[in-house]
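# Results of the structural survey
Letter by letter, the chains look like this.
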Amino acid sequence: MKIVAVTACPTGIAHTYMAADALQKAATALGLKIKVETQGAMGMENMLTARDIAGADLVLIASDIEVEQKERFLGCPIHQVTLETVLLDAAAVLKALPIAV
């Protein structure tokens, strides 16, 4: 399974990047492919390309705010969770996705 994800928090500092790191580590442990875009104080980093999005089975948005350029994901299956959920147990978030993990 290929997942693309976006992490963002109101201040765009620590939690954005901590959630991205937690998702990447959990995905690796579960044998999943993931690319995580962060939308933080530095702007959009590791930006998802149209190719990344088209090749993904699911878009995971881990955010407590509205993410930028969300229209890129129109027509894609999207699953949204809070950053806190990811920070508490990223593996459980990935295992609970609405597609087979």
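Read on for an overview of the structure. For clarity, every value in this text was computed on a predicted model and none was experimentally measured. (Residues numbered from 1 in each chain as written. Predicted model: local features only at pLDDT ≥ 70, side-chain atom pairs only at ≥ 80, totals over all residues. Heavy atoms only, no water.)

### Digging into the overall build of the chain
- Scanning the chain for helices and strands turns up 3 helices and 5 strands.
- Sequence-ordered secondary structure for the chain, helices as α and strands as β, is β-α-β-β-α-β-β-α.
- Taking 13 Å as the expected radius of gyration for a compact globule of 101 residues, we find that the chain reaches 12 Å, a close match to that expectation.
- Its C-alpha atoms put the chain at 35 × 30 × 20 Å along the principal axes.
- When contacts within the chain are restricted to residue pairs at least 6 apart in sequence, long-range pairs at least 24 apart make up 60% of them.
- When the accessible surface of the chain is summed, it comes to about 5300 Å², and 57% of that surface belongs to carbon and sulfur atoms.
- Separation between the mean location of the 8 positive side-chain charges and that of the 11 negative ones in the chain comes to 10 Å. (Helix = DSSP H or I, 4+ residues; strand = E, 2+ residues; numbered from the N terminus. Rg over C-alpha atoms; globule rule 2.2 N^0.38 Å. Contact = heavy atoms within 4.5 Å. Areas by Shrake-Rupley, 256 points an atom, 1.4 Å probe, with all protein chains shown as cover. Lys, Arg positive; Asp, Glu negative; His and termini not counted. Charge placed at Lys NZ, Arg CZ, Asp CG, Glu CD.)

### A word on the side chain of Asp 52
- Summarising the element assignment, Asp 52 is placed in helix H2 (residues 50–54).
- In this structure Asp 52 comes out as buried when scored by relative accessible area, which is 19%.
- Of note is the side chain of Asp 52, whose polar atom sits 2.9 Å from the backbone nitrogen of Thr 49.
- Every residue in contact with Asp 52, bar those within four places of it in the chain, is listed here: Val 4, Lys 35 and Met 47. (Buried < 20%, exposed > 50% of the residue type's maximum accessible area, 1.4 Å probe, protein only. Polar contact = N/O pair within 3.5 Å; in protein donor to acceptor, adjacent residues only side chain to side chain.)

### Some thoughts on the pattern of salt bridges
- Counted under the stated rule, the structure contains 4 salt bridges.
- Between Asp 52 and Lys 35 there is a salt bridge, and its shortest N-O distance comes to 2.6 Å. In this pair, Asp 52 sits in helix H2 while Lys 35 sits in strand S2 (residues 33–40), placing the two residues 17 residues apart along the sequence. (Salt bridge = Lys/Arg side-chain N within 4 Å of Asp/Glu carboxyl O.)

Without other data, these values stay purely geometric and don't point to any function.
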